[in-house]
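Fold and contact review
Here is what each chain is made of, one letter per residue.
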Amino acid sequence: MPLSETTTRSPAPLTVTRSPTSLLFRRHSSREIRNIASVSSSILPAFGTVMGEGSVKLKRFVIAPYDRRYRLWQTFLVVLVVYSAWSSPFELAFNKAATGALLPVDLVVDAFFAIDIILTFFIAYLDKSTYLLVEEHKKIAFRYVTHLWFPMDVASTLPFQTINRIVTGKMNRGPVFGFLNLLRLWRLRRVSEFFSRLEKDTRFSYFWTRYCKLICVTLFSVHSAGCFYFWLATRYHNSEDTWIGKNIPDFKTKSIWQGYTYSMYWSITTLTTVGYGDLYAVNTEEKIFTIFYMLLNIGLTAYFIGNMTNLIVHNAVRTFAMRDAINQILRYASKNRLPEGLKEQMLAHLTLKFKTTELQQEQVLEDLPKAIRSSISQQLFRTTLQNTYLFKRVPEDFIVQLVSEIKAEYFPPNVDIIIQNEIPTDFYIIVSGAMDVVTYKNGTEQFLSKLGSQEMFGEIGVVFNIPQPFTVRSKRLSQVVRISHHHFKQLVQPLKEDGQIILSNFLQHLKGLKKEELAEMPVVSEFLDDLNSEESTVIEAGSQDHAGHVQQENIIPRAPALSKTLPTRVIIHGYHPDDTSNERGKLIHLPDSVEHLLSIAERKFGKSGTTIVMADGSQMEDLAALRESDRLYIF
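Residues numbered from 1 in each chain as written. Predicted model: local features only at pLDDT ≥ 70, side-chain atom pairs only at ≥ 80, totals over all residues. Heavy atoms only, no water.

Before going further, it helps to spend a moment on unusual backbone geometry. Positive phi values are uncommon outside glycine, yet Asn 421 reaches one of about 75°. Here Asn 421 lies in the loop between β5 (416-418) and β6 (426-432). Judged by its relative accessible area of 56%, Asn 421 falls in the exposed class. For Gln 454, which is not glycine, the phi dihedral falls at a positive 70°. Structurally, Gln 454 can be placed in the loop between β8 (444-451) and β9 (456-457). (Helix = DSSP H or I, 4+ residues; strand = E, 2+ residues; numbered from the N terminus. Buried < 20%, exposed > 50% of the residue type's maximum accessible area, 1.4 Å probe, protein only.)

Here is the structure:
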């Protein structure tokens with residue numbers, strides 16, 4: 001049933017519930033939420049929830065729980081909670097402060113929390129069964145009043161001392177009011193929720209957020225224990241027979257801050273298990289309290305040390321892994337007596353790998369959808385591909401398809417990226433850095449050319465399907481993008497017009513190569529000679545028909561040598577697939593005929609064969625039906 005029909009037939013008003021996700025991106029009374037990571041995951045709707053334009057506006061006098069102004073109000077209340085957490089135990093121990101200078105401050109703080117109680121009746125909440133925002137006032141009020149939060153909020157906000165003074169007309173300093181003030185500690189749940197939001201907020205450091213939380217827990221424990229311990233001394237019948245009375249017989253007449261200092265001193269020395277012995281439990285009540293406090297300290301210390309250890313180790317784990325990997329390389333190089341230069345290359349590559357961990361595309365984008373990965377690759381590398389000679393004037397659609405499959409890599413200085421005479425599997429584009437192109441003749445290395453940013457290497461071996469003619473070595477720290485031979489082949493073959501453009505660019509590049517480079521590539525030299533002869537023939541024909549005006553497009557289709565480039569590569573074996581042999585297969589380019597394939601197998605394995613079967617033992621029927629990387633068994 002369409003959504004419009006559903007909403008018109010529903011007896012309940014459409015504004016009762018709202019899907020919260022659409023509200024994340026709307027401007028609600030102030031500014032839109034800019035950091036979605038700070039929003040609790042509990043407001044996300046269930047799968048299949050329908051969101052429409054009708055769910056944008058809330059009812060009048062209803063506030064979204066993630067509204068920016070309401071978040072600021074909650075943050076302000078957290079500051080007041082910190083004051084309440086300090087003042088409640090303090091006023092229990094020191095009655096003078098509770099009925100003196102701190103009384104007006106308490107009244108102001110309680111007034112703000114009374115406002116928050118009223119405000120809660122207008123805050124929409126998330127229905128846990130439907131995961132929709134409920135904004136009906138009656139439901140919001142009923143939910144709040146029937147939960148434990150409402151009576152506890154009221155009890156922690158009422159100024160009992162002031163109410164008693166208004167009713168009786170005099171100030172009462174009994175311990176009952178001190179314990180009633182401890183109800184304000186109920187507000188500490190706001191601090192816990194506040195730190196939970198900060199830990200999920202990427203704008204703040206997780207380490208320092210956790211560290212501040214641990215410090216706050218420790219300070220609150222020290223402060224509360226010191227205040228309770230001082231309160232025990234004030235309530236004992238013989239003030240001289242107490243932990244503080246032994247040192248200060250008339251401590252009740254001393255200043256508040258002197259008593260607070262002694263209390264904090266005892267609490268900290270006990271928490272840190274220092275225990276100098278100058279302040280110690282004297283009577284039975286103090287000893288019982290000290291026993292429970294020390295037991296609490298065991299758990300608190302374990303909690304603090306465990307969390308700090310996790311935070312520190314989390315930052316150092318990559319360093320440990322790197323050192324272990326380096327040690328393994330050193331041991332491997334030593335046991336196998338590798339030369340010093342090769343060992344240094346191994347160490348440089350490993351070090352660079354750890355330094356660029358956060359930049360490696362495969363690891364960063366591993367869990368993202370393909371569409372997002374493609375968009376990121378286009379943002380990073382599309383300009384580089386467009387400025388490369390092979391892809392100039394190529395349509396945008398082709399670049400978009402190609403860039404989605406490229407891989408980014410880093411190479412330290414003096415590392416061979418392509419080795420001469422290796423089988424071509426990929427070609428590369430330099431994003432940053434520099435490369436040296438060298439060749440080996442009779443064991444002697446000869447420098448040919450230097451490559452820089454937005455230049456390519458390895459593409460000649462890929463296009464002609466010949467062993468790589470040169471060795472390409474990084475000259476300094478370089479970033480390259482790698483394009484797979486197989487993916488490039490699949491992408492180019494069905495696109496004739498794009499292939500013609502790429503072919504034209506490739507031919508122009510070949511014509512501009514140095515003589516020293518062409519001398520190392522006989523196949524390319526022969527191809528250019530054939531191409532030049534064909535061009536001459538076309539030009540002669542054109543001069544008779546068009547008075548010497550011949551366009552380049554007439555020449556491009558006459559390059560049949562490249563029209564069938566990128567042939568299929570297969571792996572051949574010299575035994576029956578059922579035989580268990582350790583002989584490794586040979587990667588070859590699939591020839592045009594079965595006879596040629598048998599002759600290649602005879603050269604590779606040193607024995608002639610007459611039968612060709614597939615991996616499953618079936619007879620090979622047609623060479624054209626073979627696919628990339630198929631295995632053939634010739635015996």
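In this structure, Leu 385, Phe 391, Phe 398, Phe 457, Phe 488 and Leu 510 are the most contacted members of the largest nonpolar core, which totals 53 residues. Grouped together as the second largest cluster of nonpolar side chains are 41 residues, Trp 73, Phe 90, Trp 231 and Ile 244 included. (Core = buried A, V, L, I, M, F, W, Y, C linked by side-chain atoms within 4.5 Å.)

Across the sheet, which stays open at both edges, the 4 strands sit in the order β4-β11-β6-β9 with antiparallel pairing between neighbours. Only two strands of the sheet have a single partner each, and these edge strands are β4 (407-411) and β9. With 5 bridges connecting them, β4 and strand β11 (residues 478-484) associate as antiparallel partners. Residue Lys 407 lies in a different strand from β11, and its bridge partner there is Arg 482. Each of β4, β6 and β11 is contacted by helix α16 (residues 370-387), which is oriented at about 105° to β6, the strand it contacts most. (Pairing = 2+ DSSP bridges. Contact = heavy atoms within 4.5 Å. Axes fitted to C-alpha atoms, helices over the stretch in contact; angles between N-to-C directions.)

Attention shifts here to the UniProt feature "transmembrane region" (unreviewed entry) in the protein. Listed under "transmembrane region" (unreviewed entry) in the UniProt record, and renumbered for this structure, are residues 70-87, 107-126, 211-232 and 288-313. Counting secondary structure, residues 107-126 comes out at 70% helix and 10% strand; the distance between its end C-alpha atoms is 32 Å. Here residues 211-232 is 100% helix and 0% strand, with 32 Å between the C-alpha atoms at its ends. (UniProt positions renumbered as here; feature names shortened; annotations may be inferred.)

Now for the sheet that holds strand β12 (residues 569-573). Taken in spatial order, the 4 strands make up an open sheet running β13-β12-β15-β14, and their pairing is mixed. Two strands close off the open sheet at either side, each with one partner strand: β13 (586-589) and β14 (612-613). Pairing geometry for β12 and strand β15 (residues 631-634), over 3 bridges, is parallel. Across the sheet, Ile 572 pairs through a bridge with Leu 632, a residue of β15. Taken strand by strand, helix α23 (residues 594-605) contacts β12, β13, β14 and β15, and its axis lies near 55° from that of β12.

Turning to the packing of helix α5 (residues 102-120) against helix α7 (residues 149-157), a few remarks are in order. Two elements in contact, α5 and α7, have axes whose closest approach is 9 Å; the angle formed by their N-to-C orientations is 160°. Put simply, α5 runs roughly antiparallel to α7. α7 is crossed by α5, and the crossing has left-handed handedness. Between α5, through Asp 110, Phe 113, Ala 114 and Ile 117, and α7, the contact on the second element is made entirely by Phe 150, Asp 153, Val 154, Ser 156 and Thr 157. Residues that form the contact of α5 with α7 fall into these classes: 5 nonpolar, 2 polar and 2 charged. (Parallel < 35°, antiparallel > 145°, perpendicular 65-115°, else oblique. Left-handed = near helix turned anticlockwise from the far one by under 90°. Nonpolar A, V, L, I, M, F, W, Y, C, P; charged D, E, K, R; others polar.)

Relative to each other, helix α17 (residues 396-403) and helix α19 (residues 485-492) sit at 155°, their axes nearing to 11 Å. As summarised for this structure, α17 and α19 are arranged roughly antiparallel, according to the angle between their axes. Crossing of α17 over α19 shows right-handed handedness. Across the interface between the two elements, Phe 398, Gln 401 and Leu 402 of α17 pack against His 487, Phe 488, Leu 491 and Val 492 of α19. Looking at the contact of α17 with α19 residue by residue, the class counts come to 5 nonpolar, 2 polar and no charged.

Moving on, we get to the pattern of salt bridges. For the structure shown, the criterion picks out 16 salt bridges. Its salt-bridge partner being Arg 184, residue Asp 106 comes within 3.5 Å of it at the nearest N-O pair. Of the two residues, Asp 106 is situated in helix α5 and Arg 184 in the loop between α9 (175-181) and α10 (188-200); the sequence distance between them amounts to 78 residues. By relative accessible area, Asp 106 is classed as buried at 3%. A salt bridge links Arg 190 to Asp 116, with the nearest nitrogen and oxygen atoms 2.4 Å apart. Of this pair, Arg 190 sits in helix α10 while Asp 116 sits in helix α5; the two residues are 74 residues apart in sequence, bridging distant segments of the chain. A relative accessible area of 12% means that Arg 190 is categorised as buried. Looking at Asp 116, the relative accessible area reads 3%, which means it is buried. A single network of salt bridges, built from pairs that share partners, joins Glu 91, Asp 106, Asp 110, Arg 184 and Arg 187. (Salt bridge = Lys/Arg side-chain N within 4 Å of Asp/Glu carboxyl O.)

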